[in-house]
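Commentary on secondary and tertiary structure
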Amino acid sequence: MFNWPSGKRPVFFILKKAVSAGSGTAQQTYMFKNLSLKNFQSACCRAVPGTARLLFLPVATLLTVIGFVLPAEAQIRMGGSKNQIDISYTNPKRYEIGGITISGTRFLDPATMKSITGLKEGDEIQIPGEKISNAIKKLWDQNILGDVEVNITKVDGNYIFLDFKVKERPRLSKFSFRGVRKGVADDLKEKIHLIRGRIVTDALVKNTQNVIKKFLSEKGYMNATVNVIQIQDSAVTNTVALRFEIDKKTKVKINRINFEGNTQYTDEALRKKFKETKQRRIWRVFKASRFRKDNYEKDKKSLIEYYNKQGFRDAVITSDTVYTHDSKSVNVDIKIDEGNRYYFRDIKWTGNYLYDSKTLDRVLGIGKGDIYNMETLNRKLEYNPSGMDISSLYMDDGYLFFHVEPVEVAVENDSIDIEMRITEGNQAIINKINVSGNTKTNDHVILREIRTLPGQKFSRSDLIRSQREISQLGYFDPEQIGMVPVPDPEKGTVDINYTVVERPSDQVELSGGWGGYYGFVGTLGLTFNNFSARNMTKLSEWTPLPGGDGQRLSLRMQANGQQYQSYSASFTEPWLGGKKPNSFTVALTHSKQTASATADLGVSGVTVSLGKRLKKPDDFFTLMNSLSLQRYYLHNYGLSGFTFNNGPCNVVSYTTTLARNSINNPTFPSSGSSVSLSVSLTPPYSLFRKNNNFANEADRFKLIEYYKTMFDATWYTPLAKNLVLSTRAHMGWIAAYNNKLGIGPFERFKMGGSGLSSINFIFGYDIVGLRGYNDNKIGPAIAGSTDVGAGTIYNKFVTDIRYAVSTNPAATIYVLTFLEGGNNWGSAREYNPFKIYRSGGVGARVFMPAFGLLGIDYGWPFDVLPGNDGAQFHFTIGQQIR
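Quantities reported herein were computed from a predicted structural model and do not represent experimental measurements. (Residues numbered from 1 in each chain as written. Predicted model: local features only at pLDDT ≥ 70, side-chain atom pairs only at ≥ 80, totals over all residues. Heavy atoms only, no water.)

1. Thoughts on the overall build of the protein
If you tally the helices and strands in the protein, you get 15 helices and 39 strands. Here the contacts in the protein between residues at least 6 apart in sequence split such that 59% fall between residues at least 24 apart. Of the roughly 45,500 Å² of accessible surface on the protein, a fraction of 54% belongs to carbon and sulfur atoms. (Helix = DSSP H or I, 4+ residues; strand = E, 2+ residues; numbered from the N terminus. Contact = heavy atoms within 4.5 Å. Areas by Shrake-Rupley, 256 points an atom, 1.4 Å probe, with all protein chains shown as cover.)

2. So, the packing of aromatic side chains
Taken as a whole, this structure holds 25 aromatic pairs when the rule is applied. Plain terms: the ring middles of Tyr355 and Tyr394 are 5.1 Å apart, the flat faces sit at 85° to each other, and that makes the pair edge-to-face. Of this pair, Tyr355 sits in the loop between β16 (343-350) and α9 (357-364) while Tyr394 sits in helix α11 (residues 390-395); the two residues are 39 residues apart in sequence, bridging distant segments of the chain. The exposure class of Tyr394 is buried, given its relative accessible area of 0%. In textbook terms, an aromatic cluster arises when at least three aromatic residues are bridged by ring pairs, as seen for Tyr265, Tyr306, Tyr307 and Phe312. Over the face of the ring belonging to Tyr342 we find Arg313, whose NZ or CZ atom lies 5.3 Å from the ring centre. Stacked on the ring of Phe818, the Lys or Arg Arg771 has its end atom at 3.7 Å from the ring centre. (Phe/Tyr/Trp six-rings, centres within 6.5 Å; stacked < 30°, edge-to-face > 60°. Buried < 20%, exposed > 50% of the residue type's maximum accessible area, 1.4 Å probe, protein only. Lys NZ or Arg CZ within 6 Å of the ring centre and 35° of its normal.)

3. Notes on the environment of Asn331
In this fold, Asn331 is placed in strand β15 (residues 329-337). Sequence spacing of Asn331 and Ile257 is 74 residues, and the spatial spacing of their C-alpha atoms is 6.1 Å. Those residues in contact with Asn331 that lie beyond four places of it in its chain are Asn255, Arg256, Thr321, Val322, Tyr323 and His325.

4. Describing the layout of surface pockets
In this structure, the second largest pocket spans a volume of roughly 1,100 Å³. Around the second largest pocket, the lining comprises 36 residues; the ones closest to its centre are Tyr383, Ile464, Arg468, Asn664 and Ser671. Taken together, the elements giving at least two residues each to the lining of the second largest pocket come down to α13 (460-472), β31 (707-720) and β32 (723-735). In terms of residue count, α13 provides more of the lining of the second largest pocket than any other element does, 7 residues in total. A per-class count over the lining of the second largest pocket returns 12 nonpolar, 16 polar and 8 charged. (1 Å grid on protein atoms, 1.4 Å probe; cavity = no way out; pocket = protein on both sides within 12 Å on 5 of 7 lines; lining within 4 Å. Points joined across faces, edges and corners; volume = space filled by probe spheres on them. Nonpolar A, V, L, I, M, F, W, Y, C, P; charged D, E, K, R; others polar.)

5. Some remarks on the confidence of the model for the protein
On average, residues of the protein carry a pLDDT of 84, and 87% of them reach 70 or more. Predicted confidence is poor over residues 1-83, with pLDDT under 50, and the contacts of this stretch with residues over four places away or in other chains come to 150 contacts. (pLDDT = per-residue confidence, 0-100.)

6. Points about helix α8 (residues 293-309)
In a regular helix each residue adds 1.5 Å, so 17 residues correspond to 24 Å; α8 covers 24 Å between its end C-alpha atoms and thus fits that length. Residues of α8 that are buried: Asn295, Tyr296, Asp299, Lys300, Leu303, Ile304, Tyr306 and Tyr307. Positive backbone phi, approximately 100°, marks Gly311, located one or two places after α8. (Expected span 1.5 Å × (residues − 1).)

7. Remarks on a nonpolar patch on the surface
Taken together, Val508, Leu510, Leu524, Leu526, Leu555, Met557, Tyr567, Leu756, Phe851, Leu854 and Ile877 make up a surface patch of nonpolar side chains, about 880 Å² in accessible area. For the nonpolar patch, the secondary structure elements donating two or more residues are β22 (507-514), β23 (520-531) and β24 (551-559). Looking at the element boundaries, Leu555 is found in strand β24. (Patch = residues over 30% accessible without salt bridge, like charges linked within 9 Å, V, L, I, M, F, W, Y side chains within 5 Å. Salt bridge = Lys/Arg side-chain N within 4 Å of Asp/Glu carboxyl O.)

8. What to know about the packing of helix α3 (residues 110-117) against helix α4 (residues 130-140)
Direction vectors running N to C along α3 and α4 enclose 125°, while the axes themselves pass 8 Å from each other. Relative to α4, the element α3 is oriented oblique. Of the two elements, α3 crosses α4, and the hand of that crossing is right-handed. Contact residues: Met113, Ile116 and Thr117 in α3; Ala135, Lys138 and Leu139 in α4. Across the contact of α3 with α4, the residue classes tally to 4 nonpolar, 1 polar and 1 charged. (Axes fitted to C-alpha atoms, helices over the stretch in contact; angles between N-to-C directions. Parallel < 35°, antiparallel > 145°, perpendicular 65-115°, else oblique. Left-handed = near helix turned anticlockwise from the far one by under 90°.)

9. Some details on the pattern of salt bridges
Evaluated as defined, the whole model comprises 41 salt bridges. Across the salt bridge formed by Asp267 and Arg271, the nearest N and O atoms sit 3.9 Å from each other. A residue pair is termed a helical-turn pair when its members lie 3 or 4 positions apart in one helix, as Asp267 and Arg271 do in helix α7 (residues 267-271) at 4 residues. Here Asp787 and Lys777 are joined by a salt bridge, their closest N and O atoms 3.6 Å apart. Of this pair, Asp787 sits in the loop between β34 (765-768) and β35 (793-806) while Lys777 sits in the loop between β34 and β35, and the two are 10 residues apart along the sequence. Note on Lys777: relative accessible area 36%, which makes it partly exposed. Sharing partners across several salt bridges, the network here consists of Arg451, Arg465, Arg468, Glu469 and Asp619.

10. Details of the sheet that holds strand β21 (residues 493-499)
Strand order in this open sheet of 3 strands is β19-β21-β20, and the pairing throughout is mixed. Each end of this open sheet is capped by a strand with a single partner; those strands are β19 (429-436) and β20 (482-488). Pairs of neighbouring strands in the sheet enclose a mean axial angle of 20°, with direction left out of account. Pairing between β20 and β21: 7 bridges, direction antiparallel. Note on β21: the bridge partner recorded for Pro485 is Ile496. On top of the sheet, α13 reaches β20 and β21; it is set at about 25° to β21, its chief contact. (Pairing = 2+ DSSP bridges.)

11. Quick look at the nonpolar core
The biggest cluster of nonpolar side chains holds 34 residues, and the ones touching the most others in it are Leu634, Leu639, Phe644, Cys649, Phe746 and Phe763. Elements that contribute at least two residues to this core include exactly β27 (599-613), β28 (621-635), β29 (646-661), β33 (748-751) and β34. Take this core: its biggest share by element is 3 residues, from β34. The residues touching Phe763, leaving out its near neighbours within four places in the chain, are Gln593, Leu601, Tyr632, Tyr637, Leu639, Phe746 and Glu747. Listed in part, the 26 residues of the second largest apolar core include Ile97, Ile116, Ile160 and Val166. (Core = buried A, V, L, I, M, F, W, Y, C linked by side-chain atoms within 4.5 Å.)

12. Brief notes about the sheet that holds β16
Read across the sheet, 3 strands follow the order β16-β18-β17 without closing on themselves; strand pairing throughout is mixed. With partners counted over all chains shown, the strands left at the sheet margins are β16 and β17 (403-412), one partner each. Recorded for the sheet is a direction-independent mean angle of 25° between the axes of neighbouring strands. In this structure, β17 lies alongside strand β18 (residues 415-423), joined through 9 bridges in antiparallel fashion. Its bridge partner lying in β18, Ala410 is registered against Asp417. Against the sheet, α9 makes contact with β16 and β18, and its axis sits at roughly 135° relative to β16, the strand it touches most. On the sheet, helix α10 (residues 374-382) packs against β16, β17 and β18 and is oriented at approximately 150° with respect to β17.

13. Structural notes on the packing of helix α5 (residues 182-192) against helix α6 (residues 202-218)
The geometry of α5 relative to α6 is characterised by a closest axis approach of 10 Å and an angle of 130° between their N-to-C directions. Looking at the two axes, α5 sits oblique to α6. Here α5 runs over α6; the crossing is right-handed. Between α5, through Val184, Asp187, Leu188, Lys191 and Ile192, and α6, the contact on the second element is made entirely by Thr208, Val211, Ile212 and Phe215. Of the residues belonging to the contact of α5 with α6, the class tally is 6 nonpolar, 1 polar and 2 charged.

14. Structural notes on the side chain of Ser686
By the element assignment, Ser686 lies in helix α14 (residues 685-688). If sequence neighbours within four positions are ignored, Ser686 has contacts with Asn692, Glu705, Tyr737, Asn738 and Leu741.

15. Here's the deal with the environment of Ala720
Examined against the element boundaries, Ala720 turns out to sit in strand β31. Spatially, the C-alpha atom of Ala720 lies 9.3 Å from that of Tyr803, the residues being 83 residues apart in sequence.

16. Concerning α10
Along α10, the residues classified as buried are Thr376, Leu377, Lys380 and Leu381. Take α10 and look down its axis: the buried residues cluster within an arc of 130°, on one side only. On its buried face, α10 is in contact with β16, α9, α11, β17 and β18. The N-terminus of α10 is capped by Asn373, whose side-chain oxygen sits 3.0 Å from the backbone nitrogen of Glu375. (Arc of directions from axis to C-beta. Polar contact = N/O pair within 3.5 Å; in protein donor to acceptor, adjacent residues only side chain to side chain.)

Below you can see the structure in the form of structure tokens.
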């Protein structure tokens with residue numbers, strides 16, 4: 001900048017020296033007067049840094065040649081002819097700071113800015129010198145300023161007064177996106193983490209651009225561009241609005257994946273090992289072929305892991321290239337060095353005293369000549385979900401401090417020798433059991449299910465089993481049940497910390513349906529799965545009912561006005577007496593069906609059950625014994641196929657059920673099985689009566705007799721992560737002790753449709769679903785009618801594949817596809833297990849703790865059934881047993 005006094009030649013020259021600081025520059029102002037060419041050039045060279053001197057030196061020379069020839073000394077002048085400072089770069093002067101001021105601030109605190117400079121009154125500085133440059137750099141390093149300028153405001157003898165003039169960076173007032181739809185913009189807002197009022201820096205803008213580009217690249221838009229426009233906000237001083245102008249371009253697909261160097265496997269075989277990175281194919285529908293770098297890196301690792309599993313321990317990707325094929329796609333070239341395939345040769349054990357080498361070899365299950373696979377080796381050493389492993393052998397016997405380290409001791413040609421170095425340690429005794437996270441459930445409910453007890457030897461299998469038993473309670477999120485052993489090697493003990501996360505377990509059933517003959521039927525059900533009877537008198541424990549003791553209280557009402565009403569209540573104590581897992585259940589039922597003002601059918605019943613957890617053959621078995629009393633009363637009510645319509649029918653039955661349940665998760669089972677066999681018996685009255693010839697059917701069925709056998713089995717097999725195969729078989733048979741008497745009008749099987757019990761249980765019917773067919777429409781034909789009756793023998797077989805979309809405890813969701821078949825016969829003589837009605841379809845299930853399991857299926861019938869409506873939807877509530 002030049003200052004020309006009126007009517008005179010230039011008498012001084014002001015040079016603003018750029019001071020490098022961060023991503024911008026600050027200024028240091030010097031004013032030169034009466035400079036000679038030589039001194040002016042020298043001053044410029046010192047004031048102008050770096051390569052800028054090469055450009056500035058000729059300019060300085062040119063100014064001198066055209067008339068700006070000034071006297072020999074350099075000076076700085078403040079405001080006028082007074083208080084001038086002589087500056088000599090060859091002979092700098094020293095001053096004492098008399099005062100420091102900060103100007104230009106709006107939001108920042110001047111006192112804080114002053115302290116950041118590192119300068120204070122009384123400090124001695126040199127002009128020219130580095131202290132002022134350092135002060136500017138310190139201010140700039142805060143990344144909150146857009147410009148810094150230092151001016152000398154006053155010189156008083158040996159005292160100098162400085163002013164730091166700063167320009168604050170603008171702050172963010174708002175931001176917006178252009179070029180993307182609202183859903184994408186909302187996702188970007190979550191990613192970029194911009195906050196209003198934040199200082200807008202170059203780094204902030206650049207980082208935000210990179211986050212947006214990465215997000216779009218993960219969606220397949222590798223060529224997307226992001227421009228940032230800063231708009232001054234007129235509403236608030238020194239604020240800006242950022243507008244991100246996005247051009248996504250087109251999605252980048254993968255045209256082709258090429259491999260080089262692979263001799264053992266074809267290109268197509270290797271492409272299949274890429275789970276997420278797929279090349280474009282016309283028939284590929286369910287897996288996109290877009291290129292995402294993060295998925296590509298994971299797939300490269302998966303490829304090498306595959307080679308390692310096949311014995312190629314030295315396999316590496318030597319190079320890979322992603323390059324443009326056209327504007328919409330890329331090619332991927334991968335060069336592989338497969339190396340040699342290796343095999344296990346000799347496996348030796350050292351440090352083993354408890355078990356001999358032959359025993360360890362048998363458990364390990366790896367022999368000489370097997371393909372070298374470290375993943376398989378580590379699984380059989382540490383944790384083998386499908387069988388025994390070395391760690392379980394030791395840890396199930398208390399050796400918590402056990403450790404085994406496989407070491408390659410020899411590699412010759414294609415063979416590898418392994419030495420298993422074992423440290424057995426001492427047996428660990430369980431010291432303390434701690435439970436945390438149970439905000440509602442009482443400690444004793446959890447502790448009584450735990451298999452790891454203080455004073456016992458540590459056992460890893462007991463630890464895993466304890467996790468399952470806690471999960472089976474249904475009160476906690478099965479995905480978040482934690483088990484952390486805390487060993488103390490010095491004392492030879494271990495504390496075990498269990499952590500749980502409570503989830504709602506009470507359920508509400510509120511539904512309505514159209515029941516044909518009965519019209520609209522409404523249902524209200526309440527189930528309290530974690531009830532506490534002992535706290536019934538403590539109003540402070542009611543939320544809405546007292547809970548935490550693991551008892552179960554269920555109340556249910558179903559009605560459509562006066563025509564049909566049903567009430568039921570049940571209570572279960574899973575640990576009767578509190579010391580052993582012996583369950584006690586009592587259930588009360590009452591139902592009434594009105595056909596007309598003078599005709600009705602009622603049934604009342606009570607059932608008492610005692611259950612016991614068995615230890616043999618293993619402790620997955622349970623035995624349940626029940627005694628049930630039911631009384632039917634007919635008042636002018638006609639029963640199909642029977643001639644009596646007045647009088648009581650009494651049923652006294654004893655049921656014993658042997659069951660084994662080893663499923664791992666009650667909400668979405670992925671492994672294990674559930675098998676049950678039950679036999680129900682009534683007293684064989686006809687065997688004790690001398691005369692079984694009754695005058696009428698009312699007397700004949702006053703005491704009903706029969707025996708009944710039920711079998712249900714389900715197996716779960718994991719196919720992949722969240723993908724499970726379920727296979728089921730269900731069978732039932734009801735027969736009479738005396739064929740002349742028969743089994744009475746009530747106990748029967750109904751088959752078809754969703755399997756919901758509806759209101760048929762008033763007749764004692766077991767409802768068996770068969771999707772794709774109408775409700776209750778599969779059974780023995782009734783002579784002279786298009787309708788079907790209830791059967792006395794049935795079987796059903798189901799196969800479905802389930803995929804968990806969400807395992808969130810708030811809403812577990814899975815979809816499924818199924819094949820099933822079954823039939824229902826009137827007698828054992830008619831039974832033909834090969835004559836079944838088959839169907840298939842798809843469905844979905846949603847488990848919400850408050851409502852239980854809700855389902856919808858769409859089934860296609862494969863066989864012709866007279867009167868069937870064809871493919872249809874079915875709705876289900878609760879876990880369908882049959």
